[in-house]
Amino acid sequence: TAASSTIGPIIPPSLPLVVYGVIADTSIGQLFAAGLIPGLLMAFALMIMVAIFSKIRNYPRDERFSVRLFLSSFWHAILPLFTPLIIVGGILTGIFTPTEAAIAAVAYSMFLGVFVYRTLDAKRLLRVSMDTVETTASIMMIVAASSIFAWILTANQVAPMFAEIMLGFTDNPVAILLLIMLIVLVVGCFMETL
């Protein structure tokens, strides 16, 4: 679970990539394109690891793989699978900006929910909209607070002071890298990803 959780922020459409792209003034389309292959490689490596562990530990098996079942499942999922294609493909081809791609994906998803699958009625749409507003508000509060925090750190010259402290311990690049990784590991246990 810990290893597979790192795939979510990498494979598009990824909220941390969008927030990073906005804050760092980086192309979100290029970030999405850059995350696709590493994310798929990570997923493939995890599949191999699970297969090896399940053989070694003799885990019980589900029904055997069949092409017919795969194609049937794929056929039922084909319409929802177009959603990431709309987002990533629209951004990479230049048809959409990231904001427009998000709007197109939401409109497509609503079309599927209301007209194709008929699982989205007015009451459920209102509840989903309120959940979206709540999530967006909390993310924007985090981004606003982190922007203010970054300004305070910059104004008080914390980065140069931190660099001096680090170089006071050692000037070995490997040791500095290990120290930074240790600090990020500890801070990452308590800090929200965004």
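These figures come from a predicted structure and were not determined experimentally. (Residues numbered from 1 in each chain as written. Predicted model: local features only at pLDDT ≥ 70, side-chain atom pairs only at ≥ 80, totals over all residues. Heavy atoms only, no water.)

## Focus: unusual backbone geometry
Point 1. Of note in the backbone geometry, Asp-25 takes a positive phi value of approximately 55° without being a glycine.
Point 2. Its location among the elements puts Asp-25 in the loop between helix H1 (15-24) and helix H2 (28-56).
Point 3. The phi torsion at Asn-58 lies on the positive side, around 55°, for a residue other than glycine.
Point 4. By secondary structure assignment, the location of Asn-58 is in the loop between H2 and helix H3 (67-93).
Point 5. By relative accessible area, Asn-58 is classed as exposed at 66%. (Helix = DSSP H or I, 4+ residues; strand = E, 2+ residues; numbered from the N terminus. Buried < 20%, exposed > 50% of the residue type's maximum accessible area, 1.4 Å probe, protein only.)

## Looking at the environment of Leu-85
Point 1. Residue placement: Leu-85 occurs in helix H3.
Point 2. On the basis of relative accessibility, which here comes to 52%, the residue Leu-85 falls in the exposed class.
Point 3. Note: C-alpha distance between Leu-85 and Val-18 (67 residues apart in sequence) is 16 Å.

## With respect to helix H5 (residues 122-155)
Point 1. In a regular helix each residue adds 1.5 Å, so 34 residues correspond to 50 Å; H5 covers 49 Å between its end C-alpha atoms and thus fits that length.
Point 2. Backbone geometry just downstream of H5 places Gln-157 in the positive-phi region, at approximately 55°. (Expected span 1.5 Å × (residues − 1).)

## Re the packing of H1 against H2
Point 1. For the pair H1 and H2, interaxial distance at closest approach is 9 Å and the crossing angle is 140°. Between H1 and H2, the crossing angle belongs to the class labelled oblique. Our pair here, H1 against H2, has a crossing hand that is right-handed. For the pair formed by H1 and H2, the contact residues are Leu-17, Val-18, Tyr-20, Gly-21 and Val-22 on the first element and Ile-28, Leu-31 and Phe-32 on the second. (Axes fitted to C-alpha atoms, helices over the stretch in contact; angles between N-to-C directions. Parallel < 35°, antiparallel > 145°, perpendicular 65-115°, else oblique. Left-handed = near helix turned anticlockwise from the far one by under 90°. Contact = heavy atoms within 4.5 Å.)

## Let's talk about a nonpolar patch on the surface
Point 1. Taken together, the side chains of Phe-44, Met-47, Ile-48, Met-49, Val-50, Ile-52, Phe-53, Ile-56 and Tyr-59 present a nonpolar region at the surface, about 900 Å² in accessible area.
Point 2. Tracing the backbone shows Phe-44 in helix H2. (Patch = residues over 30% accessible without salt bridge, like charges linked within 9 Å, V, L, I, M, F, W, Y side chains within 5 Å. Areas by Shrake-Rupley, 256 points an atom, 1.4 Å probe, with all protein chains shown as cover. Salt bridge = Lys/Arg side-chain N within 4 Å of Asp/Glu carboxyl O.)

The analysis is restricted to geometry; functional conclusions fall outside its scope.
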